[in-house]
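Coordinate inspection notes
Take a look at the letters that make up each chain.
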Amino acid sequence: MKFISRKQARQFAGGALNLLFPARCPLCDEPLSRGRVGFCPDCRGCLHPIGERGCAKCGRMLEEREDGICGDCRSRRHFFAEGRSLYVYPEIAPAVYRFKYGGRRAYADMFAHEMCTALGETVRGWQADAIVPVPLHRKRYRKRGYNQAALLAKEIGRRMNLPVCDGLVGRCRDTVPQKRLNALQRQNNLKRAFKMLRNDVKLDTIIIVDDIYTTGCTVDEVAKVLLEGGVKKIYVLALASGSG
């Protein structure tokens, strides 16, 4: 009798699962052709990475009338040095929704690959000491079962060879979802919503990772806490950004 190795057994099991539950495109949710990962060709063609068309400060897509710096960054102070996002939010919204609320944790691997491929050079240039995901309140964590920003940060850290400090900052208030509020309400909603969970921080430069960047209120509050805790410079990396 010929026995198969554990590796062969895993490959066989993985192949069987792919036949029963084929991978789906994160955007349209249609099954992908065998062996394909990521977006289907049609959806790939519908996505327009921000690239050089982003704000030099926050990385959000500039509007036609804006030049270099978006209106939001001109009108108020941010507590981070620079931010970058890969996609414009409305284009990627269905995929982000499934990742965030639909239990599609496996999307973190693919999203991180996309982000590191497009923005890896920029991230390396920041010379960060660690990555900090935007924390989720324990009440929402229990309901959702995971923090999508932490999953994303873990995969980015693995690819960029950067440690992920998931327990450095905590969310101490269960705030109202930001999408329901205007810009001023968002700022007030997040005041004192975060706190340092460790007092022995010896990190000079940190990258905050989140799934969506809108007005920057959330990452600004996390950045303020980190700066007060002794961190000298903060950068922001998001999967997508949208208008406030």
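Here, residues in each chain are numbered from 1, in the same order as that chain's written sequence. In view of the model being predicted, local features appear only for residues whose pLDDT reaches at least 70, and side-chain atom pairs are presented and counted only at 80 or more, with totals across whole chains, interfaces and linings using the full set of residues. Hydrogens are left out, water is left out, and the side-chain values use all remaining heavy atoms of the structure.

So, the overall build of the chain
Secondary structure assignment for the chain yields 9 helices and 6 strands. The classification of residues rests on relative accessible area computed with a 1.4 Å probe and restricted to protein chains. Under 20% of the type maximum is buried, over 50% is exposed, and intermediate values are partly exposed. Within the chain, the fraction of its 244 residues that count as buried is 47%. Intrachain contacts of the chain at a sequence separation of at least 6 include 73% that bridge at least 24 residues. Here, Shrake-Rupley sampling with a 1.4 Å probe gives the accessible areas, and only protein chains in the shown set may cover a residue. For the chain, the computed accessible surface area is about 13900 Å², with 50% contributed by carbon and sulfur atoms. Secondary structure counts use DSSP, requiring at least four H or I residues in a row for a helix and at least two E residues in a row for a strand, with both numbered from the N terminus. Contacts are assigned to residue pairs with any non-hydrogen atoms lying within 4.5 Å of each other.

Observations concerning the side chain of His137
Note on placement: His137 falls in the loop between strand S2 (130–133) and helix H6 (138–144). Two N or O atoms form a polar contact when they lie within 3.5 Å of each other; inside protein one atom must be a possible hydrogen donor and the other a possible acceptor, and for residues adjacent in sequence the pair counts only when both atoms belong to side chains. Here Lys139 takes part through its backbone nitrogen, which lies 3.0 Å from a polar atom of the side chain of His137.

Section: the state of the cysteines
Here, the term disulfide refers to a pair of cysteine sulfur atoms separated by no more than 2.5 Å. Under the counting rule described, the total for this entry stands at 0 disulfides. For the unlinked cysteine Cys43, the closest cysteine sulfur is that of Cys40, found at 3.6 Å. Residue classification places Cys43 among the buried positions, given a relative accessible area of 9%.

Examining the nonpolar core
Grouped together as the largest cluster of nonpolar side chains are 37 residues, with contacts concentrated most on Phe39, Ile92, Phe111, Ile156, Ile207 and Leu237. Sorting the residues of this core by element identifies strand S1 (82–88), helix H4 (89–101), helix H5 (107–126), helix H7 (148–160), strand S5 (205–213) and strand S6 (233–241) as the ones contributing at least two each. Among the elements that line this core, the one with the most residues is H5, at 10 residues. When sequence neighbours within four positions are dropped, the list of residues in contact with Leu237 reads Arg84, Met115, Leu119, Val123, Trp126, Ile156, Ile207, Ile208, Val209 and Asp210. We call a set of buried Ala, Val, Leu, Ile, Met, Phe, Trp, Tyr and Cys residues a nonpolar core when their side-chain atoms join them within 4.5 Å. Formed by 29 residues, the second largest nonpolar core is a distinct cluster that contains Cys165, Ile206, Tyr213 and Leu226.

Focus: the sheet that holds S6
The rule for pairing is simple: two strands pair if DSSP sees at least two bridges between them. Sheet architecture is open: 4 strands sit in the order S1-S6-S5-S2, paired in parallel fashion. Whereas interior strands pair on both sides, the edge strands pair on one side only; in this sheet they are S1 and S2. Averaged over all adjacent pairs, the angle separating strand axes in this sheet is 20 degrees, with direction ignored. Axis lines are fitted through C-alpha atoms, for helices just across the contact stretch, and the angle between N-to-C directions can take any value from 0 to 180 degrees. Relative to S1, H4 is tilted by about 90 degrees, and along the sheet it contacts S1, S5 and S6.

A closer look at the side chain of Asp210
Its place among the elements puts Asp210 in strand S5. His residues and chain termini do not enter the charge count, which takes Lys and Arg as positive and Asp and Glu as negative. By definition here, a salt bridge exists when the distance from a side-chain nitrogen of Lys or Arg to a carboxyl oxygen of Asp or Glu is within 4 Å. It is Lys100 that comes nearest to the buried, bridge-free Asp210 among opposite-charge side chains, at 6.1 Å. Sequence-distant contacts of Asp210, defined by excluding residues within four places in its chain, comprise Val134, Ala149, Leu152, Thr218, Leu237, Ala238 and Leu239.

Section: helix H9 (residues 217–228)
The length a helix should cover is 1.5 Å for every residue beyond the first. The end-to-end C-alpha separation of H9 is 17 Å, in line with the 16 Å expected for 12 residues at 1.5 Å each. Among the 12 residues that make up H9, 9 are buried, leaving the element largely enclosed by the rest of the structure. Taken together, the buried positions of H9 are occupied by Cys217, Thr218, Val219, Asp220, Glu221, Val222, Ala223, Val225 and Leu226.

Points about the packing of H5 against H7
In the contact formed by H5 and H7, the axes pass within 9 Å of each other and the chain directions differ by 55 degrees. With respect to their mutual orientation, H5 and H7 come out oblique. Like other packed secondary-structure pairs, H5 and H7 cross with a definite hand, here right-handed. Contacts from Ala108, Asp109, Phe111, Ala112, His113, Met115, Cys116, Gly120, Val123 and Arg124 in H5 reach Leu151, Leu152, Glu155, Ile156, Arg158, Arg159 and Met160 in H7. Any angle that is under 35 degrees is reported as roughly parallel, and any over 145 degrees as roughly antiparallel; angles of 65 to 115 degrees are reported as roughly perpendicular and all others as oblique. What makes a crossing left-handed is the near helix being turned counterclockwise from the far one by less than a right angle; a clockwise turn instead makes it right-handed.

As for the pairing of S2
Because side chains alternate across S2, one face comprises the buried residues Ala130 and Val132, and the other comprises Ile131 and Pro133, equally buried. Sheet topology note: the S2/S5 ladder contains 4 bridges and is parallel. Looking at S5, one finds that Val132 is bridged to Ile208.

Section: the packing of aromatic side chains
Each aromatic ring pair is specified by the distance between its two centres and by the angle formed by the two planes. Note on ring pairs: Phe, Tyr and Trp rings are taken, using the six-membered ring of Trp, and paired if centres are within 6.5 Å. Classes follow the plane angle, with under 30 degrees stacked, over 60 edge-to-face and the rest tilted. Tallying each qualifying case throughout the model produces 6 aromatic pairs. Ring centres of Phe39 and Tyr87 lie 6.3 Å apart, and the angle between their planes is 90 degrees; on these two criteria the pair is classed as edge-to-face. A residue pair is termed long-range when its members are at least 10 positions apart, and Phe39 in the loop between helix H1 (6–20) and helix H2 (41–46) and Tyr87 in strand S1 qualify at 48 residues. Overall, Tyr87 belongs to the buried group, its relative accessible area being 1%. By the ring-pair criterion, three or more aromatic residues cluster together here, those being Phe99, Tyr107 and Phe111. Its end group placed over the ring of Phe80, Lys57 keeps NZ or CZ at 5.6 Å from the ring centre. For a ring to carry a charge above it, either NZ of a lysine or CZ of an arginine must fall within 6 Å of the ring centroid while also lying within 35 degrees of the normal to the ring plane.

Read these as geometric descriptors, not functional statements.
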